[in-house]
Amino acid sequence: MKNYFILFCLLCTGSFIHAQTATYKEKYRPQFHFSPAINWTNDPNGLVYYNGEYHIFYQHNPFENKWGHMTWGHAISTDLVHWHHLPLAIKEENGIMIFSGTCIVDKNNTIGFGKNGAIPMVAIYTGHTNTNQSQHLAYSFDKGRTWKKYAQNPILDLHKKDFRDPKVFWYAPKQYWVMAVVLPLDHKVQFYKSSNLLQWALLSEFGPAGDISGIWECPDLFQVPVAGNASIKKWVLTNSISTAMQYFVGEFDGISFHNESPAGGVFRPDYGPDFYAGITYNQLPASQKPVMIAWANNWGYANDIPTTPWKSAMTLPREMTVRKDADKWILLNKPAEGIEKLKGELLADESVLVSDKKTYDTTGTQLEIEADMQPSTGSSGVQLAVGNGHYAEVGYDLAAQKLYIDRSHTANQSFNKNFEAPGRFEIPFVLKDNHLVLHIYFDNSLIEVFANNGEAAMTMQVFPADNDNSVALFSTSGAATFNSIKIWKMKSTWE
Ligand code: FRU
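Please read these numbers as outputs of a predicted model, since none were measured by experiment.

Trainee: Please provide a residue-by-residue account of the overall build of the chain, values included.
Mentor: Assigned secondary structure in the chain consists of three helices and 34 strands. The C-alpha atoms of the chain give 23 Å as radius of gyration, which agrees with the globular expectation for 495 residues (23 Å, within 12%). Dimensions of the chain, computed from the C-alpha atoms along their principal axes, are close to 70 × 65 × 40 Å. Among the 495 residues that make up the chain, the fraction classed as buried is 60%. Of the contacts made within the chain by residues no fewer than 6 positions apart, 61% connect residues no fewer than 24 positions apart. Surface exposure of the chain reaches about 19300 Å², of which carbon and sulfur atoms provide 51%. Between the averaged position of the 41 positive side-chain charges in the chain and that of its 48 negative side-chain charges there is a distance of 6 Å.

Following this line, the structure appears as structure tokens:
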């Protein structure tokens, strides 16, 4: 009887339901990206490192496989690659949804809640109702396993309907906490300061600037080392704009952000359709470069993607550096180091000249591909999920000097017209000595491309048919030289 009762309780808590109904072998399920066991997720939240654990909290609907009842889901990892699910962290309550936010470890107990040396972990998130968004606080004394909402929430309220997505970090030179938070409709990031995480004073505002074609969400401000000279760091401000992200590179003096990216330009950490709401880890070990994780989906069609019993995954964790090219700073991003150890069987390793098409029967859609190439005079590159007339394309158009990613010939697009068109995403990308290195991670329904050491990244979802599982090199005219093409199977982190 007792056992049945425990079984009943487990069923009620949901954790058992996870274990029972999610196999991580489902069609389209990413095998080396984070996704919740069941039900919906959007933004990553509260990324923080503490005592050997990388935490990921995430926007989650615990009840259904679509957006709603926003609650913070929670998982941890010791290597940013293998994830272990934990019970729900901060739950919707009294009609207040738990929207996106941040997490920090208050090592000096500036908040004062820690008794007898206990160190509080503090989450600051947007409390959302239909008429108000304000910033709320919750805290934990057991490494984020259980949370208590602050009794006097909200901690910051402008009495506005749209005011959200706080990101908080410790600004050491002035010994205070800084919060970046957005006024979405005004295309503004506001910066606040606090000495105790509870009272906040406005420092400055940034924006409108760059891309203002949609509402602004999920700001972040972090320091990034200059590539090749890690002792120099620049400040990078990022935000999301309805369906894409942008960044500005400059300086932060503890009060204002001073943009050094060319005015009028729009610069994106990722130029694909499925990279949104990215934020970086707080309090990483000093030796580690900043790491960003984003939501690999797009509000234009996210609720309709054909996956069950979960919906949406996170991108690979990405390490960031910056480099100055002429007058502009480029945010370079590449997969965090741990991904390397997921390389499995090497399926192809050769140099080859391709005038039309060369197919590799990889019989899989869980691959890492590295193509070091001299593009042809036409368009050339790598096709994925090839089969039965279907393929996704990662290519370079030499005449137009454009890098592109294209899903218009993949299967299963009709679930939403915003997914069907546009099917091609391209950016100006000038090559030196006609040399292109494409580093591609393909994880069943997710493609992440890093070109020339992360000078441009592109993330795109695809939903291939069952036998669309070959890889091909292609060239539309002239010959493309693949100095080296390497294809590996990738291991699963969920087994
Ligand atoms: C971004 C966003 C945030 C908000 C959250 C709600 O994707 O719209 O602005 O906090 O999602 O789920």
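Trainee: Can you tell me about the site of the ligand, naming the residues and giving the values?
Mentor: Taken together, 13 residues surround the ligand, and among them Asp43, Gln59, Arg164, Asp165 and Glu217 come closest. Asn42 has a polar side-chain atom sitting 3.0 Å from an oxygen atom of the ligand. In the model, an oxygen atom of the ligand is placed 2.7 Å from a nitrogen or oxygen of the Gln59 side chain. When residues of the shell around the ligand are traced back to their parent elements, those giving at least two are β1 (39-50), β5 (97-105), β10 (164-171) and β14 (216-226).

Trainee: Outline the nonpolar core, supporting the account with residue identities and numerical values.
Mentor: Ranked by internal contacts, the top residues of the largest apolar core, which has 37 residues, are Leu403, Leu438 and Ile447. With residues near it in sequence (within four places) discarded, Leu438 still touches Ile369, Glu370, Ala371, Met373, Val382, Val394, Leu403, Val449, Phe450 and Ala451. In terms of nonpolar packing, the next biggest core, distinct from the first, is built from 30 residues, Tyr54, Tyr58, Tyr276 and Met314 among them.

Trainee: Residue-level account of the sheet that holds strand β34 (residues 480-490), with values.
Mentor: What the six strands build is an open sheet, ordered β23-β34-β25-β30-β31-β32; its pairing is antiparallel. The open sheet is flanked by β23 (343-354) and β32 (456-461), the only strands paired with a single partner. When the angles between neighbouring strand axes are averaged without regard to direction, this sheet yields 15°. Looking at chain direction, strand β25 (residues 366-374) and β34 are connected through eight bridges and run antiparallel. Its bridge partner lying in β34, Leu367 is registered against Lys489.

Trainee: Pulling in residues and values, what's your account of the domain arrangement of the chain?
Mentor: Looking at the assigned domains, one finds that the chain contains domain 1 (39-335) and domain 2 (343-487). Placing the centre of domain 1 and that of domain 2 at their C-alpha centroids yields a distance of 31 Å. Each side of the interface is counted separately: domain 1 has 27 residues, and domain 2 has 20 residues. For the pairing of domain 1 and domain 2, the buried interface totals around 2000 Å² over both sides, and the portion due to carbon and sulfur atoms is 60%. Considering only the surface of domain 1 that becomes buried against domain 2, Tyr271, Pro273 and Tyr301 emerge as the three largest contributors, covering 26% of it. Between domain 1 and domain 2 we count three salt bridges in total.

Trainee: Which residues make up the confidence of the model for the chain, and what values go with them?
Mentor: A residue-level look at the chain finds 96% of positions with pLDDT of 70 or above and a mean pLDDT of 95. Segment residues 1-20 is flagged for pLDDT under 50; beyond a separation of four residues in sequence, or across chains, it makes ten contacts in the model.

Trainee: An account of the sheet that holds strand β2 (residues 53-60) is needed here, citing residue identities and associated values.
Mentor: A sheet is described by the order of its strands in space; here five strands give the open sequence β4-β3-β2-β1-β20, paired in mixed fashion. The strands lining the two open edges of the sheet, one partner per strand, are β4 (84-90) and β20 (310-311). Examined bridge by bridge, strand β3 (residues 71-77) and β4 share four bridges and lie antiparallel to one another. Bridging from a neighbouring strand, Ile76 pairs with His84 of β4.

Trainee: Give me the pairing of β32: which residues, what numbers.
Mentor: Within β32, six of the six residues are buried, which leaves it mostly tucked inside the rest of the structure. Along β32, one buried face is formed by Ala456, Met458 and Met460 and the opposite face, lined by Ala457, Thr459 and Gln461, is buried too. Pairing between strand β31 (residues 446-451) and β32: six bridges, direction antiparallel. What sits directly across from Ala451, in β32, is Ala456. Counted along the chain from β31 to the antiparallel partner β32, the turn is four residues long, and its residue Asn452 has a positive phi close to 45°.

Trainee: Lay out unusual backbone geometry with the relevant residues and their values.
Mentor: With an omega dihedral of 0°, the bond running from Asn153 to Pro154 counts as a cis peptide bond. Structurally, the position occupied by Pro154 is in the loop between β8 (148-149) and β9 (156-160).

Trainee: Go over the pattern of salt bridges with me, naming the residues and quoting the values.
Mentor: Pairs may arise between side chains of opposite charge once their charged atoms sit close together. In total, this model carries 27 salt bridges according to the counting rule given. Its salt-bridge partner being Lys25, residue Glu495 comes within 3.3 Å of it at the nearest N-O pair. With a gap of 470 residues between them, Glu495 in the segment after β34 and Lys25 in the loop between α2 (15-21) and β1 connect regions that are remote in the sequence. Given a relative accessible area of 73%, Glu495 falls into the exposed group. When its relative accessible area of 58% is taken as the criterion, Lys25 is described as exposed. Three or more residues are tied together by salt bridges with common partners; here these are Asp162, Arg164, Asp165 and Glu217.

Trainee: Tell me what's going on with the pairing of strand β29 (residues 424-428), and back it up with residues and numbers.
Mentor: Here β29 shows one buried face, formed by Phe425 and Ile427, and one open face, formed by Arg424, Glu426 and Pro428. Bridge analysis of strand β28 (residues 402-409) against β29 gives five bridges, and the strand direction is antiparallel. Bridge assignment links Tyr404 to a residue of β29, and that residue is Glu426.

Trainee: Talk me through the environment of Thr308; I want residue IDs and the actual numbers.
Mentor: In this structure, Thr308 sits in the loop between β19 (291-295) and β20. For Thr308, a relative accessible area of 55% gives the class exposed. As a C-alpha pair, Thr308 and Arg29 span 279 residues in sequence and 8.7 Å in three-dimensional space. Apart from residues no more than four positions distant in its own chain, Thr308 is found in contact with Glu26 and Asn65.

The rules behind these values
Residues numbered from 1 in each chain as written. Predicted model: local features only at pLDDT ≥ 70, side-chain atom pairs only at ≥ 80, totals over all residues. Heavy atoms only, no water. Helix = DSSP H or I, 4+ residues; strand = E, 2+ residues; numbered from the N terminus. Rg over C-alpha atoms; globule rule 2.2 N^0.38 Å. Buried < 20%, exposed > 50% of the residue type's maximum accessible area, 1.4 Å probe, protein only. Contact = heavy atoms within 4.5 Å. Areas by Shrake-Rupley, 256 points an atom, 1.4 Å probe, with all protein chains shown as cover. Lys, Arg positive; Asp, Glu negative; His and termini not counted. Charge placed at Lys NZ, Arg CZ, Asp CG, Glu CD. Near = heavy atom within 4 Å. Polar contact = N/O pair within 3.5 Å; in protein donor to acceptor, adjacent residues only side chain to side chain. Core = buried A, V, L, I, M, F, W, Y, C linked by side-chain atoms within 4.5 Å. Pairing = 2+ DSSP bridges. Axes fitted to C-alpha atoms, helices over the stretch in contact; angles between N-to-C directions. Domains from an automatic or database assignment. Buried area = accessible area lost by both parts, 1.4 Å probe. Salt bridge = Lys/Arg side-chain N within 4 Å of Asp/Glu carboxyl O. pLDDT = per-residue confidence, 0-100.

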